[in-house]
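Below, each chain spelled out in residue letters.
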Amino acid sequence: GAGVSQSPSNKVTEKGKDVELRCDPISGHTALYWYRQSLGQGLEFLIYFQGNSAPDKSGLPSDRFSAERTGGSVSTLTIQRTQQEDSAVYLCASSRTAIHQVTQYFGPGTRLLVL
Amino acid sequence: GESVGLHLPTLSVQEGDNSIINCAYSNSASDYFIWYKQESGKGPQFIIDIRSNMDKRQGQRVTVLLNKTVKHLSLQIAATQPGDSAVYFCAETLAAAGNKLTFGGGTRVLVKP
């Protein structure tokens, strides 16, 4: 596709359930980033991938959060046992590489609401 | 997505006037800076970038200024248009750390017709 795509666009879940968010990066982009945008916290980094490896998971807020990327393309962010404070917009971005100064392009985000 | 609920500074500008949005960044080692525009319900959209070995860069109707001495970044928009109404974020990054972005708090720009 022409840009970064994310699915679902909106997700409503009940507290305690697991959710999976998907990101399709721009074709050929080896770097993929997950960010979270929440009320009162602004935009914050969660994790990034260079290829299939995740050199930096420092932004993941708890061990309930995990992400994987297979085949160097699509990535999924999984939140287990969701809590109300997980409600936020989850944004994915991709860039040609993670090791040089190159632009990250964002997807439209997934709006997650935990009831 | 947008920073709804955050107390965002707001810049009101008359259509046709120039806008200046300011940003203080935190890491003196950051070597790459980006301005993003975010409209309601959308992801951040790239506007312009600048590397730390530059102090000014111009695009179409936009100029970014970088002052490393005081860790300050600004975005100037010439002849502001209604379509420029959005939240603007500066972001800093360090290539050696994987280019993960650290965002500023954002500024809401409202263009009055």
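A short tour of the structure in this document, coming up. (Residues numbered from 1 in each chain as written. Chains lettered and ligands numbered in written order. Predicted model: local features only at pLDDT ≥ 70, side-chain atom pairs only at ≥ 80, totals over all residues. Heavy atoms only, no water.)

**Looking at the interface of chain B and chain A**
Interfaces are often sized by the accessible area lost when the parts come together.
No. 1: Listed by partner, the interface residues are 25 residues for chain B and 27 residues for chain A.
No. 2: Surface buried jointly by chain B and chain A totals about 2,000 Å² across both partners, of which 53% is contributed by carbon and sulfur atoms.
No. 3: A per-residue breakdown of the area chain B buries against chain A is headed by Asn99(B), Lys100(B) and Phe103(B), which together make up 24% of the total.
No. 4: Inspection of the region where chain B meets chain A yields one salt bridge.
No. 5: As a salt-bridge pair, Lys100(B) and Asp56(A) come within 2.4 Å of each other at their nearest N and O atoms.
No. 6: Residue assignment for the side of chain B that touches chain A shows that the elements contributing at least two residues are strand E3 (32-38) and strand E4 (45-51) of chain B.
No. 7: Its residues assigned to classes, the side of chain B that touches chain A comprises eleven nonpolar, eight polar and six charged. (Contact = heavy atoms within 4.5 Å. Buried area = accessible area lost by both parts, 1.4 Å probe. Salt bridge = Lys/Arg side-chain N within 4 Å of Asp/Glu carboxyl O. Helix = DSSP H or I, 4+ residues; strand = E, 2+ residues; numbered from the N terminus. Nonpolar A, V, L, I, M, F, W, Y, C, P; charged D, E, K, R; others polar.)

**Remarks on the pairing of E4(B)**
One face of the sheet, then the other: side chains in a regular strand alternate in exactly this way.
Residues and elements named next belong to chain B.
No. 1: Two strands pair when backbone bridges link them, and E3 and E4 are joined in this way by six bridges, in the antiparallel orientation. Counterpart to tryptophan 35 in the pairing with E4 is isoleucine 48.
No. 2: Hairpin connection of E3 to E4: six residues between the antiparallel strands, including glycine 41 at a positive phi of 80°. (Pairing = 2+ DSSP bridges.)

**Digging into the nonpolar core**
No. 1: Within the largest apolar cluster, 20 residues are counted, with the highest numbers of intra-cluster contacts made by Tyr33(A), Tyr35(A), Leu91(A), Phe106(A), Tyr36(B), Leu101(B) and Phe103(B).
No. 2: Elements supplying a minimum of two residues to this core: strand E4 (31-38), strand E5 (42-50) and strand E9 (88-95) of chain A together with E3 and strand E8 (86-93) of chain B. (Core = buried A, V, L, I, M, F, W, Y, C linked by side-chain atoms within 4.5 Å. Buried < 20%, exposed > 50% of the residue type's maximum accessible area, 1.4 Å probe, protein only.)

**Examining the state of the cysteines**
No. 1: Considering all chains together, one arrives at two disulfides over all chains under this definition.
No. 2: Here Cys23(A) connects covalently by a disulfide to Cys92(A), the sulfurs 1.8 Å from one another. Classification of the bridge connecting Cys23(A) and Cys92(A) rests on its S-S torsion, roughly -65°, and on that basis the disulfide is left-handed. One end of the pair, Cys23(A), is in strand E3 (residues 19-24); the other, Cys92(A), is in strand E9, with 69 residues separating them in the sequence. Of the two residues examined, Cys23(A) and Cys92(A), each falls in the buried class.
No. 3: With its sulfur 1.6 Å from that of its partner, Cys23(B) forms a disulfide with Cys90(B). Within this pair, whereas Cys23(B) is found in strand E2 (residues 19-24), its partner Cys90(B) is found in strand E8, the two being separated by 67 residues in sequence. (Disulfide = S-S within 2.5 Å.)

**Points about the packing of aromatic side chains**
Two descriptors summarise a pair of aromatic rings, namely the distance from one centre to the other and the angle between the planes of the rings.
No. 1: The full count for this structure, using the stated rule, is twelve aromatic pairs over all chains.
No. 2: Residues Tyr33(A) and Tyr48(A) carry aromatic rings whose centres are separated by 5.4 Å and whose planes lie at 20° to one another, so their mutual orientation is stacked. Taken as a pair, Tyr33(A) in strand E4 and Tyr48(A) in strand E5 lie far apart in primary sequence, 15 residues in all. In this structure, Tyr33(A) and Tyr48(A) share a single accessibility class: buried.
No. 3: Both rings, one in Tyr36(B) and one in Phe103(B), keep their centres 6.0 Å apart while their planes meet at 45°; by these two values the pair is tilted. One end of the pair, Tyr36(B), is in strand E3; the other, Phe103(B), is in strand E9 (residues 102-103), with 67 residues separating them in the sequence. (Phe/Tyr/Trp six-rings, centres within 6.5 Å; stacked < 30°, edge-to-face > 60°.)

**Digging into the pattern of salt bridges**
All names here are of chain B.
No. 1: Enumeration according to the criterion identifies seven salt bridges over all chains in this entry.
No. 2: Across the pair lysine 42 and glutamate 39 runs a salt bridge whose closest N-O atoms are separated by 3.7 Å.
No. 3: Residue classification places glutamate 39 among the partly exposed residues on the basis of a relative accessible area of 25%.

**Points about the sheet that holds strand E5 (residues 56-58) of chain B**
Residue and element names in this part refer to chain B.
No. 1: On the basis of which strands lie adjacent, the open sheet formed by four strands has the order E2-E7-E6-E5 and antiparallel pairing. Single-partner strands in this sheet number two, and they are E2 and E5. Adjacent strand axes in the sheet meet at a mean angle of 15° when their direction is disregarded.
No. 2: Note that E5 and strand E6 (residues 62-67) share three bridges and pair antiparallel. The residue bridging arginine 57 from the neighbouring strand is valine 64, located in E6. (Axes fitted to C-alpha atoms, helices over the stretch in contact; angles between N-to-C directions.)

**Comments concerning the side chain of Ser94(A)**
No. 1: As for its position among the elements, Ser94(A) is in strand E9.
No. 2: When neighbours within four sequence positions are excluded, Ser94(A) is seen to be in contact with Val4(A), Pro25(A), Ile26(A), His29(A), Ala31(A), Leu32(A), Thr103(A), Gln104(A) and Tyr105(A).

**Comments concerning the pairing of E6(B)**
Residues and elements named next belong to chain B.
No. 1: Taking the residues between adjacent antiparallel strands as the criterion, E5 and E6 are bridged by three residues, where arginine 61 takes a positive phi near 70°.
No. 2: Of the strand pairs in this sheet, E6 and strand E7 (residues 72-77) are connected by six bridges, and their pairing is antiparallel. Each bridged residue has a counterpart across the sheet, and for valine 62 the counterpart in E7 is isoleucine 77.
No. 3: Connecting the antiparallel pair E6 and E7 is a turn made up of four residues, with lysine 71 showing a positive phi of about 55°.

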